[in-house]
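# Structural characterization, general
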Amino acid sequence: TKTAVGDIMLKNVITIEPDALLEEAADTMRKNQVSVLPVIGTDHKLVGIITEKDIFAAFLDLLGYYNQGTRVVVDIEDDHTGILEKLTHLFTEEQMNIDQIAVYRQAGLTQVVIQVASVEVAKIKQKLMDNGYTVSSCSLKEG
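Parameters and conventions
Residues numbered from 1 in each chain as written. Predicted model: local features only at pLDDT ≥ 70, side-chain atom pairs only at ≥ 80, totals over all residues. Heavy atoms only, no water. 1 Å grid on protein atoms, 1.4 Å probe; cavity = no way out; pocket = protein on both sides within 12 Å on 5 of 7 lines; lining within 4 Å. Points joined across faces, edges and corners; volume = space filled by probe spheres on them. Helix = DSSP H or I, 4+ residues; strand = E, 2+ residues; numbered from the N terminus. Nonpolar A, V, L, I, M, F, W, Y, C, P; charged D, E, K, R; others polar. Axes fitted to C-alpha atoms, helices over the stretch in contact; angles between N-to-C directions. Parallel < 35°, antiparallel > 145°, perpendicular 65-115°, else oblique. Left-handed = near helix turned anticlockwise from the far one by under 90°. Contact = heavy atoms within 4.5 Å. Salt bridge = Lys/Arg side-chain N within 4 Å of Asp/Glu carboxyl O. Buried < 20%, exposed > 50% of the residue type's maximum accessible area, 1.4 Å probe, protein only.

### Some remarks on empty space enclosed by the protein
One way to see where empty space is left: roll a probe the size of a water molecule over the atoms. On inspection of all chains with the given rule, the structure shows one cavity of 30 Å³ or more. By volume, the largest cavity is sized at about 40 Å³. L90, F91, E94, M96, K123, I124 and K127 together form the lining of the largest cavity. Secondary-structure elements contributing two or more residues to the lining of the largest cavity are α4 (83-93) and α5 (121-130). Top contributing element to the lining of the largest cavity by residue count: α5, with three residues. Considered class by class, the residues forming the lining of the largest cavity number four nonpolar, no polar and three charged.

### A few points about the packing of α4 against α5
Between α4 and α5, whose axes approach to 11 Å, the crossing angle comes to 135°. Classified by the angle their axes make, α4 and α5 are oblique. Regarding α4 and α5, the two cross each other, and that crossing is right-handed. Between α4 and α5, the residues in contact are L87, L90, F91 and E93 and I124, K127 and L128, respectively. Counted by class, the contact of α4 with α5 contains five nonpolar, no polar and two charged residues.

### What to know about the pattern of salt bridges
Tallying each qualifying case throughout the model produces six salt bridges. The partner of D27 in a salt bridge is K31, with the nearest N and O atoms 3.1 Å apart. Taken together, the residues D27 and K31, both in helix α2 (residues 22-32) and four residues apart, mark about one turn of the helix. Judged by its relative accessible area of 31%, D27 falls in the partly exposed class. A salt bridge links K123 to E94; its shortest N-O distance comes to 3.1 Å. In this pair, K123 is assigned in helix α5 and E94 in the loop between α4 and β4 (98-106), connecting sequence segments 29 residues apart. Its relative accessible area of 37% is what places K123 among the partly exposed residues. You can call E94 partly exposed: its relative accessible area is 25%.

Structure, rendered in C-alpha cells:
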C-alpha cells in the first residue's frame, strides 16, 4: 500500500516527564488506556519510553518478589496510629531485617505485607500470633 505512517499515527500523544513518580506513570497509563508512555524532557525531546512491562517489573521489585526470605501477610482489623511501629518492632526484637513492606487498605481490613530476610517461617508466624496478630499468609520465597 501507499499509506504513510504519518497518515495513521496518533498525533495527540500522552507523555510524561522524566522526574515523574512511577505511580504517576502507572496512573496515567491506566486512565488513558495506553501501554506505552513517551518520556519527554524539559527541551521537549524524547528521552525514553516507559511500558507496562517496566511498571510490572518495578512493582515486583518494590514488593521484594525476587528476594529470598519470608513473605508474611498480617490482617489488621483495627488500623490505628502506631500499628506499623509495633508490628515492625517484633522483627527488630528477633534481629530480622525487613526488606520490603506494603500496606493494602480495603473495606474494613488493612493488610500489611512484609518481606523479611529470614527463612524462619514458623518462628515469624508464631511471634506474630503470640502478639495478637492475624497472619493470613506466611511462606518462604526462594530468591
